[in-house]
Amino acid sequence: MSSAALSSADIRQQVEALGEWFQNLDLKGVATAPRHYLGDYPANKWRRIGPALPARLDGLSVLDIGCNAGFHALECKRRGARRVLGIDADARYLAQARFAAAVLNLEVAFEHRSVYALAELDERFDYVFFLGLIYHLRYPLYALDLAARLTRRRLVFQTMLRGSAQVAPPAPDYDFWDRSPFRRPEFPKLYFIERSYAGDPTNWWIPNRAAAEAMLRSAGLEPVAHPEPETWICAPTGRAGYVWERELAGTL
Ligand SMILES: C[S@@+](CC[C@H](N)C(=O)[O-])C[C@H]1O[C@@H](n2cnc3c(N)ncnc32)[C@H](O)[C@@H]1O
């Protein structure tokens, strides 16, 4: 029997067999994570992010990095995207994503691949999703640089934020002897988690709002929309920090 023809009872059984779900997907009436601590997640965020993106993506390609059970990849396929690739470092989530795509009869490719292995990917994408991922990474700017390099039109970025929500334009330089900028709430800060945060030892760096925006700019990503407090839609500028680094090293 094809997955598209499964009964609700069969779908529920498979959902349970696939372990604990982080994303609450609606699989033909079967909710995969109905008791999520963030509510109807990520549909509740998508209700604000989705309208800030084109209603149709016909002919376009999409990369969803850290795709989990595929919510955003599947939504983009529903909008008519030609090619949709979801990657995740956790094979358990990819099994959930493949099952969801089969039930919903949507053609999406899911690959077991780390964000760091994007360096080996010889493909660019019109839309790149980088949602709920940065704080799970020990090398956040490297990953963001790699994602920016693959982005043709827009990169959609979301992160947990902690600390001050104040922002100010960056100064061109800071005096070595003046320590006051570091005490200002609007100075970009990444909070380092050595052990575990919210019961999750894979949380490493949590930015404040100023740091999230500064890191995006530094990766050559110019925010063009901010549809909800944790999400920025960015255009690639092609002027990333790593380009300057390579220019300085004389290798560009
Ligand atoms: C908080 S969830 C966010 C899932 C989804 N993007 C969303 O916004 O709902 C983080 C996801 O990133 C994945 N992940 C963590 N480290 C990764 C890495 N190095 N490369 C790719 N995916 C990673 C996890 O397996 C998990 O599915």
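Going by the structure above, here's the rest.
Attention here is on the structure that accompanies the text. In this text, all values refer to a predicted model and were calculated from it rather than measured experimentally.

## Section: the nonpolar core
W21, L27, F99 and F129 are the most contacted members of the largest nonpolar core, which totals 39 residues. Among the secondary structure elements, those contributing two or more residues to this core are α1 (8–17), α2 (43–49), α3 (71–78), α4 (91–104) and β6 (125–131). Looking at which element gives the most residues to this core, the answer is α4, with seven residues. Core analysis: the second largest hydrophobic core is formed by 33 residues, L133, F157, L161 and M215 among them.

## Remarks on the packing of aromatic side chains
Overall, the coordinates contain 12 aromatic pairs when judged by the stated rule. Measuring from ring centre to ring centre gives 6.3 Å for W46 and F71, while their planes differ by 80 degrees; the resulting arrangement is edge-to-face. Residue W46 is located in helix α2, and its partner F71 is located in helix α3; the two are separated by 25 residues in the primary sequence. As far as burial versus exposure is concerned, W46 and F71 are alike and both buried. Ring geometry for F192 and W205: centres 4.8 Å apart, planes at 50 degrees, overall tilted. Of this pair, F192 sits in strand β8 (residues 190–192) while W205 sits in strand β9 (residues 205–207), and the two are 13 residues apart along the sequence. The class of F192 is partly exposed, set by a relative accessible area of 44%. The exposure class of W205 is partly exposed, given its relative accessible area of 26%. Cluster of aromatic residues (ring-pair linked, three or more members): W46, F71 and F129. Here R92 stacks its cationic end above the ring of Y93, 5.0 Å away from the centre of that ring. For R138, the ring lying beneath its charged end belongs to W204, and the centroid distance is 4.4 Å.

## Topic: the layout of surface pockets
One number sums up the size of the largest pocket: a volume of about 1,300 Å³. Contributing to the lining of the largest pocket are 45 residues, with F22, G132, Y135, H136 and D200 lying nearest its centre. Elements that contribute at least two residues to the lining of the largest pocket include exactly α2, β3 (61–65), β4 (83–88) and α4. Of the residues contributing to the lining of the largest pocket, the split by class is 21 nonpolar, 13 polar and 11 charged. Taken as a whole, the second largest pocket encloses approximately 240 Å³ of empty space.

## A few points about the pairing of strand β11 (residues 231–236)
Among the six residues that make up β11, five are buried, leaving the element largely enclosed by the rest of the structure. Across four bridges, the pairing between strand β7 (residues 151–158) and β11 is antiparallel. For F157, the partnering residue across the bridge sits in β11 and is W232. Sheet analysis places strand β10 (residues 221–228) next to β11, joined by five bridges and oriented antiparallel. Note that in β11 the partner of E228 across the bridge is T231.

## Notes on the sheet that holds β11
The strand order β5-β4-β3-β6-β7-β11-β10 describes an open sheet built from seven strands, whose pairing is mixed. In this open sheet, the two strands that pair with only one neighbour each are β5 (109–112) and β10. Here the strands of the sheet are splayed against their neighbours by 20 degrees on average, with no regard to which way each runs. In the packing of helix α5 (residues 140–149) onto the sheet, the strands contacted are β3, β6, β7 and β10, and the crossing angle to β7 comes to about 145 degrees.

## What about the pattern of salt bridges?
Side chains bearing opposite charge may pair, as long as their charged atoms lie close to each other. Applying the stated rule across the entire model yields 11 salt bridges. E228 is the partner of K45 in a salt bridge, and the nearest nitrogen-oxygen pair spans 2.8 Å. One end of the pair, K45, is in helix α2; the other, E228, is in strand β10, and 183 residues separate them in sequence. The same class applies to K45 as to E228, namely buried.

## Examining the side chain of Q158
Note that Q158 resides in strand β7. Under the relative-accessibility criterion, Q158 is labelled buried at 4%. Only 2.9 Å separates the side chain of Q158 from the backbone nitrogen of G132, close enough to count as a polar contact. Within polar-contact distance, the side chain of Q158 engages the side chain of E230 at 2.8 Å. Those residues within four positions of Q158 in sequence are excluded, and the remaining contacts are Y41, K45, F130, L131, G132, L133, E228, E230 and T231.

The rules behind each value
- Residues numbered from 1 in each chain as written.
- Predicted model: local features only at pLDDT ≥ 70, side-chain atom pairs only at ≥ 80, totals over all residues.
- Heavy atoms only, no water.
- Core = buried A, V, L, I, M, F, W, Y, C linked by side-chain atoms within 4.5 Å.
- Buried < 20%, exposed > 50% of the residue type's maximum accessible area, 1.4 Å probe, protein only.
- Helix = DSSP H or I, 4+ residues; strand = E, 2+ residues; numbered from the N terminus.
- Phe/Tyr/Trp six-rings, centres within 6.5 Å; stacked < 30°, edge-to-face > 60°.
- Lys NZ or Arg CZ within 6 Å of the ring centre and 35° of its normal.
- 1 Å grid on protein atoms, 1.4 Å probe; cavity = no way out; pocket = protein on both sides within 12 Å on 5 of 7 lines; lining within 4 Å.
- Points joined across faces, edges and corners; volume = space filled by probe spheres on them.
- Nonpolar A, V, L, I, M, F, W, Y, C, P; charged D, E, K, R; others polar.
- Pairing = 2+ DSSP bridges.
- Axes fitted to C-alpha atoms, helices over the stretch in contact; angles between N-to-C directions.
- Contact = heavy atoms within 4.5 Å.
- Salt bridge = Lys/Arg side-chain N within 4 Å of Asp/Glu carboxyl O.
- Polar contact = N/O pair within 3.5 Å; in protein donor to acceptor, adjacent residues only side chain to side chain.

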